[in-house]
Each structure stands twice: as C-alpha cells, then as structure tokens.
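Understanding the architecture of this molecule
Residue strings, one per chain:
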Amino acid sequence: MRSAEQILADSAVIAVVGASRDPSKAAHRVPAEMQRYGWRIIPVNPTADELFGEPVYRSLADIPHPVDLVDVFRPAEEAVDVVRQAAAIGASAVWLQLGIVSPQARQIAEEASIDYVENRCLAIERAAANLTRLG
C-alpha cells in the first residue's frame, strides 16, 4: 500500500465524488486547489453540469477516460459503493476526506488491491509534502 504522499505524487487525474458548486464548502475548495497545483480534476455530482472548467459526470462509470485517484466527499455510508465503483473503473486509489471513515470501504479496497486513505485532506497532504504537478 502506497503512502498518502506517494498516491498524490503518482496520480495525475483525480475524480472527485461529491464535488460541490458552493465555494464555501471543502468539496469545492479542495478540488479547486488541487487543480491550481496541476492535477486534473474530474467532478462527479448528479446535479451540476460544469465545475472547475470541466464537465461533471453523474457517476464514476460515466467518466470516459482513466482515473488515477477517486477522492470522496460523501458520507461514510456511501463510501462503500464509491469504492466498489472505483474498483470497477480501474482506479488505483481511493481517498476519503477528513471526517470520513469506513472500515467496510477499507476492506473492499484492500480486497480489490486499491490503495486507500481515509480521514485525511488532499490539500493538507499536498501542502505538507510540497507537491505540485506543475512543470
């Protein structure tokens, strides 16, 4: 299992399940920051059409290209299904944001050989490791 820092360093495309239109929410601020530092953000939200200058997909299965990391801004009880979907699309890692913990999701990820991080913030980890994907 790769460390959180290694997952970020290895990932170029991040699908954000639960990405928000509301700039006051972490589910908007965190993906926007990751995009500013060079990651491609693919928003997944059933009620939006465009976020961060990218088309929004209704589900992970609708994304027409490979995804390296699935970032989750949904309640813990929804994480299990998101991890199953991440495995189905071939994502190599799943990241549950601060405050989201799911032992069942972790078990599913481990069984699918998907790297798994929970209860940590992408933006905080990026800043702590001073990571960027910019040239």
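Residues numbered from 1 in each chain as written. Predicted model: local features only at pLDDT ≥ 70, side-chain atom pairs only at ≥ 80, totals over all residues. Heavy atoms only, no water.

Looking at the packing of helix α3 (residues 76–89) against helix α4 (residues 103–111)
- α4 packs onto α3 with a crossing angle of 15° between their chain directions and a minimal axis gap of 8 Å. With respect to α4, the element α3 is oriented roughly parallel. The handedness of the crossing between α3 and α4 is right-handed. In this structure, α3 uses A79, V80, V83 and R84 to contact α4, whose residues at the interface are Q104, A105, I108 and A109.
- Residue classes in the contact of α3 with α4 are distributed as 6 nonpolar, 1 polar and 1 charged. (Axes fitted to C-alpha atoms, helices over the stretch in contact; angles between N-to-C directions. Helix = DSSP H or I, 4+ residues; strand = E, 2+ residues; numbered from the N terminus. Parallel < 35°, antiparallel > 145°, perpendicular 65-115°, else oblique. Left-handed = near helix turned anticlockwise from the far one by under 90°. Contact = heavy atoms within 4.5 Å. Nonpolar A, V, L, I, M, F, W, Y, C, P; charged D, E, K, R; others polar.)

Observations concerning the packing of aromatic side chains
- Considering all chains together, one arrives at 0 aromatic pairs under this definition.
- A cation sits over an aromatic face here: R126 above Y37, 3.5 Å from the ring centre. (Phe/Tyr/Trp six-rings, centres within 6.5 Å; stacked < 30°, edge-to-face > 60°. Lys NZ or Arg CZ within 6 Å of the ring centre and 35° of its normal.)

Brief notes about the pairing of strand β5 (residues 69–72)
- Burial along β5 is two-sided: L69 and D71 and V70 and V72, pointing in opposite directions, are all buried.
- With 4 bridges joining them, strand β1 (residues 13–17) and β5 adopt parallel strand pairing. Residue pairing across strands places V17 opposite V72, the latter belonging to β5.
- One ladder, built from 4 bridges, connects β5 with strand β6 (residues 93–96); its direction is parallel. Bridged to L69 within β6 is A93.
- Following the backbone out of β5, through α3 and into the adjacent parallel β6, one traces a crossover that is right-handed. (Buried < 20%, exposed > 50% of the residue type's maximum accessible area, 1.4 Å probe, protein only. Pairing = 2+ DSSP bridges. Right-handed = clockwise from strand over helix to strand, strands pointing away.)

Observations regarding the sheet that holds β6
- What the 5 strands build is an open sheet, ordered β2-β1-β5-β6-β7; its pairing is parallel. Either end of the sheet is taken by a strand with one partner, and the two such strands are β2 (40–44) and β7 (115–117). The mean inter-strand angle of the sheet, taken between neighbouring strand axes irrespective of direction, is 20°.

A word on the side chain of E54
- Take E54: it is sitting in strand β4 (residues 54–55).
- In this structure E54 comes out as buried when scored by relative accessible area, which is 14%.

So, the pattern of salt bridges
- A full pass over the atoms with the stated rule returns 8 salt bridges.
- Here E54 ties to R40 by a salt bridge, and the two come within 3.1 Å at their closest N and O atoms. Here R40 lies in strand β2 and E54 lies in strand β4, a separation of 14 residues in the sequence.
- Ionic pairing is found between R106 and E118, a salt bridge with its closest N-O pair at 3.5 Å. Taken together, the positions of R106 in helix α4 and E118 in the loop between β7 and α5 (122–129) put the pair 12 residues apart, joining distant regions of the chain.
- By relative accessible area, which is 16% here, E118 ends up buried.
- Each of R2, D10 and D115 takes part in one network of salt bridges that share partners. (Salt bridge = Lys/Arg side-chain N within 4 Å of Asp/Glu carboxyl O.)

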